[in-house]
Amino acid sequence: MTALAIPAPAKVNLWLRVLARRPDGNHEVETLMQTISLHDLLIAEKAEVTTLTCSGLAVSTADDNLVLRAAAALEAATGRALPARFHLVKRIPIGAGLGGGSSDAAAALRALASLYDVQIPLQPIAADLGADVAFFLQGGGAAIGVGRGERLRSVSLPRKWIALAWPGFEVSTARVYKAWDRVGGSDPNHLWLAAQAVEPRLAAFAAHLGPGWRMTGSGSAFFRECSNQAEAEASVAGLECWTAVTRSV
């Protein structure tokens, strides 16, 4: 039986503006997203029943995992069972603003569409799962997202090396956006003040990193754009936390 191995890249928000709270409770945003070489790997093959196992960084394999939610959403849209055995090699920290779960969901949609020759459009399903899922499904790269972030316009950016640092704890996206309603924000990431209000440890972590670092998404990971690999490696040298050196892709 054929198995598919699909890379699921992370992303950083090079800038993120929150424009307003929408009547549906979501927020109107404008953001520039860039995929990077750090990635999870999703392995999928047909099976009698759908299962999910994981290795690498710890992640829940319960029904709320976005891989399983994506599979259920595609089954509902096609009106038929699409059982698969999934194994997720998890390398992207969760709850970090790097989009790992959303990228995994997009990979699951691609895998099932290929395994079962699904012909219906996948983008509406991805957008219902989350704005970042739509971004990853269209292929990543660099794109400006508006609305909830699901309306995308691809842009061309020069390739850069990117240093990553993650403090080892998650930040709730929903709580950060709720805090934004109280405290607002400013460029380059309008969620920075709100994230500190939700998780005060972020301010100390940012001070430890020093200048040139910015938070991605709603946190808790930070990134630093670098002109070459040596600069990126020097940026993370000596940091006592999870780090990675990646490139924009």
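Please refer to the structure higher up on the page.
Overview of the structure. (Residues numbered from 1 in each chain as written. Predicted model: local features only at pLDDT ≥ 70, side-chain atom pairs only at ≥ 80, totals over all residues. Heavy atoms only, no water.)

1. Things to note about the packing of aromatic side chains
Okay, so step 1: Using the criterion set out here, one finds 4 aromatic pairs in the structure.
Okay, so step 2: Note on Trp166 and Trp242: the rings are 6.4 Å apart at their centroids and 85° apart in plane angle, and the pair reads as edge-to-face. Of the two residues, Trp166 is situated in strand β7 (residues 161-166) and Trp242 in strand β10 (residues 242-247); the sequence distance between them amounts to 76 residues.
Okay, so step 3: What makes Trp166 buried here is its relative accessible area of 13%.
Okay, so step 4: On the accessibility criterion, Trp242 (23% relative accessible area) is partly exposed.
Okay, so step 5: Ring centres 5.6 Å apart and planes at 85° place the aromatic pair Trp192 and Phe222 in the edge-to-face group. Residue Trp192 is found in helix α6 (residues 192-198), and its partner Phe222 is found in strand β9 (residues 222-226); the two are separated by 30 residues along the sequence.
Okay, so step 6: Taken together, the ring pairs connect Trp192, Phe205 and Phe222 into an aromatic cluster.
Okay, so step 7: The ring of Tyr116 carries the charged tip of Lys46 above its face, separated from the ring centre by 4.8 Å.
Okay, so step 8: The ring of Phe169 carries Arg201 above its face, with NZ or CZ at 4.0 Å from the centroid. (Phe/Tyr/Trp six-rings, centres within 6.5 Å; stacked < 30°, edge-to-face > 60°. Helix = DSSP H or I, 4+ residues; strand = E, 2+ residues; numbered from the N terminus. Buried < 20%, exposed > 50% of the residue type's maximum accessible area, 1.4 Å probe, protein only. Lys NZ or Arg CZ within 6 Å of the ring centre and 35° of its normal.)

2. What to know about the sheet that holds β7
Okay, so step 1: Taken together, the 4 strands give an open sheet; going across it, the order is β8-β9-β7-β10, and neighbouring strands pair in antiparallel fashion. Bordering the open sheet on either side are β8 (214-215) and β10, each of which pairs with just one other strand.
Okay, so step 2: Those strands touched by helix α7 (residues 201-209) are β7, β8 and β9, and its axis lies near 25° from that of β9. (Pairing = 2+ DSSP bridges. Contact = heavy atoms within 4.5 Å. Axes fitted to C-alpha atoms, helices over the stretch in contact; angles between N-to-C directions.)

3. Considering the environment of Leu191
Okay, so step 1: Within the element layout of this structure, Leu191 appears in the loop between α5 (173-183) and α6.
Okay, so step 2: Along the chain, Leu191 and Gly219 lie 28 residues apart, while their C-alpha atoms are 8.3 Å from each other.
Okay, so step 3: For Leu191, the residues in contact, after removing those within four places along its chain, are Leu16, Val18, Val176, Tyr177, Trp180, Met215, Gly217 and Ser218.

4. Quick word on helix α8 (residues 229-236)
Residues spaced three or four apart along an α-helix face the same direction, because each turn holds 3.6 residues.
Okay, so step 1: Within α8 the residues assigned to the buried category are Ala232, Ser235 and Val236. Projected down its long axis, α8 carries its buried residues within an arc of 90°, all on one side. In this structure, α8 carries Ala230 and Ala234 as exposed residues pointing more than 90 degrees from its buried face.
Okay, so step 2: If you check the start of α8, you find a side-chain oxygen 3.2 Å away from the backbone N of Ala230, and it comes from Asn228.
Okay, so step 3: One or two residues past the end of α8 sits Gly238, with phi positive at roughly 85°. (Arc of directions from axis to C-beta. Polar contact = N/O pair within 3.5 Å; in protein donor to acceptor, adjacent residues only side chain to side chain.)

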